[in-house]
Amino acid sequence: MSEPAERPRRFQGPITPGQIRADVDDEIWFHLEMRIEELIREGRSPAQAREEAVRMFGDLEGTRAEMSAADRRRERRARRRDYLGEVLQDLTHAHRQLRRRPAFAMVAVLTLAVGIGANTAVFSVADHVVLRPLPYEAPERVLAIWEVDPRAGQARREVAPGNFVSWRDRARSFASMALIQPDGFDLTSPDGPPAAVRSWGVTEGFFETIGARPILGRSFLPEEHALNAPRAVILSHRMWQQRYGSDPKIVGGTIQLDFAPATVVGVAPPWLQYPDESDLYNPKRWNPNEETDRRSAYMYAVARLGPGATPAQAQAELDAIAARLAAEYPATNASVRVSAVPFEEQVLGDVRPALMVLLVAVGFVLLIACANVASLLLARAAERERELAVRAALGAARTRLIRQLVAESLLLALVGGAAGIALAYAGVQALVALSPPNLPRLDTISVDGRILWFALATSLLTAVLFGLAPALRASRPDLLSPLRAAGRTFGAIERLGLRRVLVGGEVALALVLLIGAGLLVRSFMTLLDNDLGFAPENRATFQVFLWDLNPTPEQRLQRVQAITDAFLATPGVEAVGIGTAIPFHPSAIDPMSNLVVEGRPVPETGAEQRVYTTIVSPEYFRVMGIPLRAGRGFSATDRADAPRVALISEAAARRYLPDEDPVGQQVRFGVMGAPQTWEIVGVVGNVRPVTLDSDPRPEVFVPLAQTANGSVTFVVKARDAVAKLIPALRRQLWAAAPNQTIYYEATVEGLISHTLAERRFHLLVLGAFSVVALTLATIGVYGLITYSMSLRTGEISVRMALGARAGEIMGMVVKDGVLLALPGILAGTVAALVLTRFMRAMLYQVAPTDPRVYLQLVVLVLLLAAVAAYAPARRAASIDPARALRED
Amino acid sequence: MPRSPVGQGAGGSQEGYYIRFLAKDPEGIPVADSLQLLRGTLDILILKTLAGSRLHGYAIASRIAARTRGALAIEDGALYQSLHRMAERGWVEAEWGHGETGKRARFYQLTEAGRRQLRVETANWLRYAEAVFRVLQPDAA
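Residues numbered from 1 in each chain as written. Chains lettered and ligands numbered in written order. Predicted model: local features only at pLDDT ≥ 70, side-chain atom pairs only at ≥ 80, totals over all residues. Heavy atoms only, no water.

Student: With reference to specific residues and values, describe the overall build of chain B.
Tutor: Tallying secondary structure elements over chain B gives four helices and eight strands in all. Ordered by position in the sequence, the α and β elements of chain B form the string β-β-β-β-α-β-α-β-α-β-β-α. For chain B, contacts bridging at least 24 residues in sequence account for 48% of all contacts bridging at least 6. Summing over all exposed atoms, chain B offers an accessible surface of approximately 8300 Å²; the carbon and sulfur share of this is 55%. (Helix = DSSP H or I, 4+ residues; strand = E, 2+ residues; numbered from the N terminus. Contact = heavy atoms within 4.5 Å. Areas by Shrake-Rupley, 256 points an atom, 1.4 Å probe, with all protein chains shown as cover.)

Student: Talk me through the packing of helix α1 (residues 17-41) of chain A against helix α2 (residues 46-57) of chain A; I want residue IDs and the actual numbers.
Tutor: Residues and elements named next belong to chain A. Contact pair α1 / α2: the axes reach a minimum separation of 8 Å and the direction vectors enclose 130°. One finds that α1 runs oblique with respect to α2. Between α1 and α2 lies a crossing whose hand is right-handed. Residues Ile28, His31, Leu32, Arg35, Ile36, Leu39 and Ile40 of α1 form the contact with α2, whose participating residues are Pro46, Ala49, Arg50, Glu52, Ala53, Val54, Met56 and Phe57. Each residue belonging to the contact of α1 with α2 can be placed in one class, and the counts come to 11 nonpolar, one polar and three charged. (Axes fitted to C-alpha atoms, helices over the stretch in contact; angles between N-to-C directions. Parallel < 35°, antiparallel > 145°, perpendicular 65-115°, else oblique. Left-handed = near helix turned anticlockwise from the far one by under 90°. Nonpolar A, V, L, I, M, F, W, Y, C, P; charged D, E, K, R; others polar.)

Student: Describe the side chain of glutamate 317 of chain A, with residues and values.
Tutor: Residues and elements named next belong to chain A. Looking at the secondary structure, you find glutamate 317 in helix α8 (residues 311-328). For the buried glutamate 317, which has no salt bridge, the nearest side chain bearing the opposite charge is arginine 172, at an N-O separation of 5.8 Å. In terms of polar contacts, glutamate 317 uses its side chain to reach the backbone amide nitrogen of arginine 172, at 2.7 Å. In contact with glutamate 317, not counting residues within four places along its chain, are Arg170, Ala171, Arg172 and Ser173. (Buried < 20%, exposed > 50% of the residue type's maximum accessible area, 1.4 Å probe, protein only. Lys, Arg positive; Asp, Glu negative; His and termini not counted. Salt bridge = Lys/Arg side-chain N within 4 Å of Asp/Glu carboxyl O. Polar contact = N/O pair within 3.5 Å; in protein donor to acceptor, adjacent residues only side chain to side chain.)

Student: Run through the pairing of strand β8 (residues 280-283) of chain A, naming residues and quoting values.
Tutor: Consecutive residues of a regular strand have side chains that alternate between opposite faces of the sheet. Residue and element names in this part refer to chain A. Burial of the side chains of β8 extends over both faces: Leu280 and Asn282 are buried on one face and Tyr281 and Pro283 on the other. Note: strand β3 (residues 195-202) against β8, four bridges, orientation parallel. Bridge assignment links glycine 201 to a residue of β8, and that residue is asparagine 282. In this structure, strand β5 (residues 232-235) lies alongside β8, joined through two bridges in antiparallel fashion. Each residue of the ladder has a partner; that of leucine 235, found in β8, is leucine 280. (Pairing = 2+ DSSP bridges.)

Student: Run through the sheet that holds strand β5 (residues 55-56) of chain B, naming residues and quoting values.
Tutor: Whenever strands of a sheet pair, they do so through backbone hydrogen bonds, lying parallel or antiparallel. All names here are of chain B. In spatial order, the strands read β5-β8-β7; together these three strands make up an open sheet with antiparallel pairing. Whereas interior strands pair on both sides, the edge strands pair on one side only; in this sheet they are β5 and β7 (92-98). Alignment of β5 against strand β8 (residues 104-110), held across two bridges, turns out to be antiparallel. Residue pairing across strands places histidine 56 opposite phenylalanine 107, the latter belonging to β8.

It is worth stressing that arrangement in space is one thing and function is another; only the former is reported here.
In structure tokens form, the structure reads like this:
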């Protein structure tokens, strides 16, 4: 047969279906011709031969179709293989190019990773906590009910059970109301000491009212609320997980509470954390006198609106009821008002402004990251112009060129994206570990897919878009000038301008974040500077409830003495004091009482002012480091049979006895009971009671010996490093009081630190963002200076040839860097002045326009810009002018 | 192209091919008959014919007919469908050239994969034939 002589496939253009059909026909035609010739040779006539040839062929049409189909399939597969081959080529080439520019690749990947990862992490946390709707049933129908007593100087406070009963009985706007009482038990077990568990005692229908039904088992039955009913409890989700290993069989089983069995009837959902986290829920049992107790305001109330009722209507009705109660019970309710707060606001309210700030920070960093990537790619575009010009001159198709450009950007984007995803997961874990415990629904946070995709998409889009920059000109890429002019094309100048804008924007955004963080830092430091009024270092606290095991006052006093002696016997302990309420303590018992100065006209009912009452041991003030301002402190002589004595705080002295010496005055107030008369023997210094930004309040103190209380907190002062002593102290306590549960144990410094947890969290996060933003912006400045210097090598060489010294050149470059950052700084300052006012709620005694903060940070950024310009400056100064001019 | 007056659709993946087995009756007169054989058999015949050669479709058909001494005459349409399918599977590759008439003709040759396929299929077929033969032969010792 003859030799085939066709071009190899590689250089053929794509084969069209029409061509395929034509080829198939040719092939069949050839066959038929040969067959006809053969038949003619065998003796047929041409017409017969033709007919028989066709007959011998078989199904002509079907075969034709089948052949074409098979050929088309084969062509498609070959084309796909070719395409993949080209793509692989592009990617390999891109990979090689990137390896030759490791710095560029690393910075681009890092920028993308941070922009995607860090942002997704914080966005996930913020979104989960703020923006997702609460999983409660119809939370918009739920209200949290508070008492408000302007006379007692409180914005909002917990409710008293008697008031709750009145509201519940009289209000019509609600479908149901529930009361929540802080409670606690000892979880006892045969092995090991008892553990104190916190519980919410809830009234009937609580879970339905709040809209959080148990995820396992059931809520309480009405009969379980009866006084003598066998105990039933519902586990919190956390307790179920941690203590019972998420075992569903615990439902229906029993646990031991206070040495008595209690049936577990259900498990609460994990996101139920109102009013706060807890270990258990138990059915509240009403004591008979609770229904009329309008004084003990320490419970929480929630209510669900009835059909058709609005929060405004409910508030109005409650106001009316409060007014009637004020008239009916002037002794307790004269100034008591009611406030109904929408549940969502209640749960999220404190957190929302802070999280909004964080979201803005996230947006900024994403923008900066994208700007940086864009800037980097624009720089790269200049390098690639020459390469692309060569390829185009060699005949590469436009689409192929574009695909090659995209390949490099895509490779960067993919690697950066993968790194970003990894960073996102790690970041979420880190944030959850660092965050304050009262951030709502923290344990259900995970990486939010939507945000991840959003950040990925944004970054990738930026990467790809700016990677296409060289090809994004109006018509075909300019082939000649890149080959000729070594980068100083018109396009290069354009790009420089765009990059200046990008980097300027980065600097501005970074500065805004920085100022935000700076204001928070200043707030924090101002807060820390606050005088506590006591000395927190080297003190540990142990809170115990002695009633159960020590029913009589004498027994309690004995037990307290035994524990105190045991503590004092521990090496390293200097002194021990006792109080019922320690500053900053989360479960301090600080009831209030009206105070009347003997011999003064009794104020009209309703105008009395209240004081906080605390029971202390004589050593308490010395141990806490609270100074005595006048008179004397308590001593051993102030026993139960001695005259009743009291101490008051400076704030109380100022309020009740501003013009005279308080020492010696007789006052009437009640400490957990009916009012009695006490003689003031001294005045002690003010302390900050609850948080670093809380104001001192009027307080009275009475001796423990004269009011034997069962709920006490021991304060142990150690010579140093009290944390190391805590295990020993615990053992001593159990030795002196067997089976006694320690309800709460902490160092005083720990208590203070705990109240700062939320602020610290915000500070850390915003601080982290600012650092990231600043780093990225600095890199952006550095990159841009380097680039613009590379464009000016000619100019610099000429200068140097004309006698400019290295120092002058360096100065010029550094000045350039600073000038580059200047518009960004200006823009950033203005933006910060406008935006920081939304942070006001998070700041403490610091104005959002605090000039010191602004000034310091502006200087910092200027310095950083100078530093960023330093390396390029040195490089510029070390240019060999002769060589540079030759290379141009 | 003139339409064929005879024949079923010879395409489709489930149908076999028609190979006209020219049986002869006791007087030696050929009796037209049709025998459905598996596509695989047609493939292997083509592959074997192509072994070591570069042929166009007509030549393949002629050679098979000559080799079987006229006993097997493959339907041309089936042959070409098989050729194109094997080209799609990568067992043969085709190039255009010029045939005896001077017109364009498509020449086929085996690929490495095709050679492998031929070896495997030949072994299978021989084993199969041997098994059938053993059944049909009178019992030997």
